[in-house]
Amino acid sequence: MSIATLTYLTTTQFGFGALELLPKEMAKAGITKPFIATDAGLVKVGIVDTVKTAMGGDAVVFDETPGNPTEEAVKKALALFESEGCDGIIALGGGSSMDLGKAVGLLAASGGPLEQYDPLQGGARNIKGMTPLIAVPTTSGTGSEVSVGFVIILEDGRKMTFASPLFIPKAAICDPELTMGLPPMMTAATGMDAITHCIEAFLTPNVNPPAEGVALDGLWRGMQYLPRAVKDGSDRDARWHMMMCSTEGAFAFVKGLGAVHAMSHAAGRIKRVNPHHGTLNAIFLPEVLRFNQGECEEKYVRLRQAMGLEPGADIAQAIADLNAEIGIPSGLGEMGIVEDDIAEMVQYSLADLAARGNPRRASAEDFEAMIRASM
């Protein structure tokens, strides 16, 4: 397939070989001394060198992004960005690297601390600007390359979602070639992250029919091609469709997200476990689908169509079956989450921005029931 240029929220260069267009997008964004926000694994496998070669020049590299990015890591990256006199960011990796890159870009242009930008406290009014940022995803799940938000664990332990149109990257370089070496478990977990984005965005009651259409298209791709990508990581067709599923999921969640993400953010802040966000989404999704069903039955009809299910089929069970097929853990307990974690997870779920987008308002008792059912 040829490279597609998509302008929806931002410009997305999409397709095998799209990385070659990185210098063009850097020039458009005015980036002359790039700062690469990434992780050590991508340095080790040579992807950082591949990107530097595509740039046609050198770059300052920060490769200490944690699996769940922290304010501490953001401050460390910011210090390097400023000391080296960088003028733009290439956020290279999965959602963690892209989120960290966005946080660095915000603080470099608007100043700290991060907490002042909390959207639940009207923090968007404190944003003075955003450093030019280009996102280059190496997984197919988060969609942060085209999204309005990012998530950081603050120094006080809160996992906070930040959102503003200013956080949308200047451009996204979506080259499925960069996902070809992704292991099966990471392919499965990130793929379920993308599928969850499509489903939650579609179900959120905010009115945005175009985003709903994009969500359903992304969901169809995910259901068709995620098992293939997990089974055979060299399946180029499956990798292309899963990267599109990921990007479409983020295009769609301009509508918002829901209770799945509220609980995943709450669980993701448990440092002892350091669970993967996409895996958490996969585990919580069936219970939230059961919880929401009575509120949006008409939308469930369209979900079944996009998922290739028979009329009246149990959508939650279909997701549970998919999880089992692709090797997702059977529950939170298998990930190391224990009874003593539940009360705090409920507290943080209630306070999370994503909880506001759920089609059925969840109480503390509802969150506790869904968490326990997901154990």
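Data block above holds the structure.
Everything numeric here is computed off the predicted structure, so don't read it as measured data.

Peer 1: What should I look at first to understand the pattern of salt bridges in this one?
Peer 2: Close approach of charged atoms allows side chains of opposite charge to pair. Here the structure, examined in full by the defined rule, presents 20 salt bridges. The shortest N-O distance in the salt bridge between Glu-287 and Arg-290 comes to 2.8 Å. Of this pair, Glu-287 and Arg-290 both sit in helix α10 (residues 277–292), three residues apart, which is roughly one turn of the helix. A relative accessible area of 37% means that Arg-290 is categorised as partly exposed. Taken together, the shared-partner salt bridges in this structure form one network comprising Glu-212, Lys-255, Lys-299 and Arg-302.

Peer 1: How do you make sense of the packing of aromatic side chains when you look at a structure like this?
Peer 2: Given two aromatic rings, their pairing is described by the distance between the two centres and the angle made by the two planes. Under the defined criterion, the tally for this structure stands at five aromatic pairs. Both rings, one in Trp-220 and one in Tyr-225, keep their centres 6.2 Å apart while their planes meet at 75°; by these two values the pair is edge-to-face. Assessed through its relative accessible area of 37%, Trp-220 is described here as partly exposed. Overall, the relative accessible area of 12% leaves Tyr-225 in the buried class. Here the aromatic residues Phe-150, Phe-162 and Phe-167 are joined through ring pairs into a cluster of three or more. Across the ring face of Phe-16, the terminal group of Arg-236 is positioned such that the distance to the ring centre comes to 3.9 Å. When the ring centre of Phe-202 is taken as reference, the NZ or CZ atom of Lys-299 above it lies at 5.3 Å.

Peer 1: What exactly am I supposed to notice about unusual backbone geometry here?
Peer 2: Trans is the prevailing form of peptide bonds, just as negative phi is the prevailing case for residues other than glycine. Each neighbour pair has its own omega, and for Gly-112 with Pro-113 the value is 0°, a cis peptide bond. Phi angles above zero are rare outside glycine, and Asn-274 is one such case at about 50°. Counting through the fold element by element, Asn-274 comes out in the loop between α9 (259–268) and α10. A relative accessible area of 44% places Asn-274 in the partly exposed class.

Criteria and cut-off values
Residues numbered from 1 in each chain as written. Predicted model: local features only at pLDDT ≥ 70, side-chain atom pairs only at ≥ 80, totals over all residues. Heavy atoms only, no water. Salt bridge = Lys/Arg side-chain N within 4 Å of Asp/Glu carboxyl O. Helix = DSSP H or I, 4+ residues; strand = E, 2+ residues; numbered from the N terminus. Buried < 20%, exposed > 50% of the residue type's maximum accessible area, 1.4 Å probe, protein only. Phe/Tyr/Trp six-rings, centres within 6.5 Å; stacked < 30°, edge-to-face > 60°. Lys NZ or Arg CZ within 6 Å of the ring centre and 35° of its normal.

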